[in-house]
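Take a look at the letters that make up each chain.
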Amino acid sequence: MPPCVAQAPIVMSLPEISRTCLIRSTSSGVVIEPSTIETSYGPGSSALVAPGKRAMAVKGNKVMGLAGFIRPGNRVDVLVTMPVGEKEEKVTKLVLEKMPVLATGTELEPAGDGEKPSSVDVYTLELTPDESEKLALASTQGTLHFALRNASDSEPVLTSGADTKTTLASLRPRPAARPGRGSVVEVITGSQKSQVSF
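In this text, all values refer to a predicted model and were calculated from it rather than measured experimentally.

(A) The nonpolar core, seen in detail. Within the largest apolar cluster, 18 residues are counted, with the highest numbers of intra-cluster contacts made by Val76, Val78, Leu125, Leu135, Leu144 and Phe146. Secondary-structure elements contributing two or more residues to this core are β3 (54-60), β4 (75-84), β5 (89-109), β6 (118-127), α3 (129-141) and β7 (143-149). The element contributing the most residues to this core is β4, with 4 residues. Here Leu144 is in contact with Val58, Met64, Val78, Leu79, Val80, Leu135, Ala138 and Ser139, once residues within four sequence places are set aside.

(B) Main features of the packing of aromatic side chains. One pass over the full model with this rule turns up 1 aromatic pair. Geometrically, the ring pair formed by Tyr123 and Phe146 is edge-to-face, given 5.5 Å between the ring centres and 85 degrees between the ring planes. Separated by 23 residues along the polypeptide, Tyr123 in strand β6 and Phe146 in strand β7 bring together distant segments of the chain. Take Phe146: its relative accessible area is 6%, and that puts it in the buried class.

(C) Summary view of unusual backbone geometry. The phi dihedral of Glu88 falls on the positive side, at around 55 degrees, and the residue is not glycine. Note that Glu88 resides in the loop between β4 and β5. Its identity as a non-glycine residue notwithstanding, Leu171 has a phi of 60 degrees, on the positive side. Mapped onto the elements, Leu171 comes out in the loop between α4 (164-168) and β9 (184-189).

(D) The pattern of salt bridges, seen in detail. Tallying each qualifying case throughout the model produces 3 salt bridges. With its nearest N and O atoms 3.0 Å apart, the salt bridge here joins Arg149 to Asp77. Taken as a pair, Arg149 in strand β7 and Asp77 in strand β4 lie far apart in primary sequence, 72 residues in all. Across the pair, Asp77 and Arg149 agree in class, each one buried. For Glu97, the salt bridge is made with Arg149, and the minimal N-O distance between the two is 3.3 Å. In this pair, Glu97 is assigned in strand β5 and Arg149 in strand β7, connecting sequence segments 52 residues apart. Of the residues examined, Arg149 reaches a relative accessible area of 8% and is grouped as buried. Each of the salt bridges in this network shares a partner with another, and the network as a whole consists of Asp77, Glu97, Arg149 and Asp153.

So, how was this worked out
Residues numbered from 1 in each chain as written. Predicted model: local features only at pLDDT ≥ 70, side-chain atom pairs only at ≥ 80, totals over all residues. Heavy atoms only, no water. Core = buried A, V, L, I, M, F, W, Y, C linked by side-chain atoms within 4.5 Å. Buried < 20%, exposed > 50% of the residue type's maximum accessible area, 1.4 Å probe, protein only. Helix = DSSP H or I, 4+ residues; strand = E, 2+ residues; numbered from the N terminus. Contact = heavy atoms within 4.5 Å. Phe/Tyr/Trp six-rings, centres within 6.5 Å; stacked < 30°, edge-to-face > 60°. Salt bridge = Lys/Arg side-chain N within 4 Å of Asp/Glu carboxyl O.

Next up, the structure:
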């Protein structure tokens, strides 16, 4: 083993790493160090959540989850459609971007008397506390939508949002230009006036 690698304390035996969880993703052939594992791993452990972040779950459906396309490890942009203003006009706006998906699953939601419980899709995202507040408001006051994002796409996205008017104006043909009016010159010859257009 090269000296540069041997400087760090390394977990050498399988008993030392059994019943543990990797804190960060890794690949084959990478040296496992004590700082990269969580020894208190168990059901419901917070080992998968990065320091300073929070795991937050929201209910969704098959459409929101792109029919199973959204999986743990993906990144999504979060859009919300909610009423705005005195007239409560519906507006859709991108509110969060590049949110890591920690987990996806289903839970049974109780139904009324005599009815079978229904299955509801649940998505767990990793967010900052500020982002968690936005997601909580969006999920309780509006309708959430996820947009699956390419992992290599790191460009920030700034949008103005879309309301009914701007949405219906999309992909309309441009109005035809009005024919230009030619120039008119008034010619005065003595006591006579005439106009010349060109």
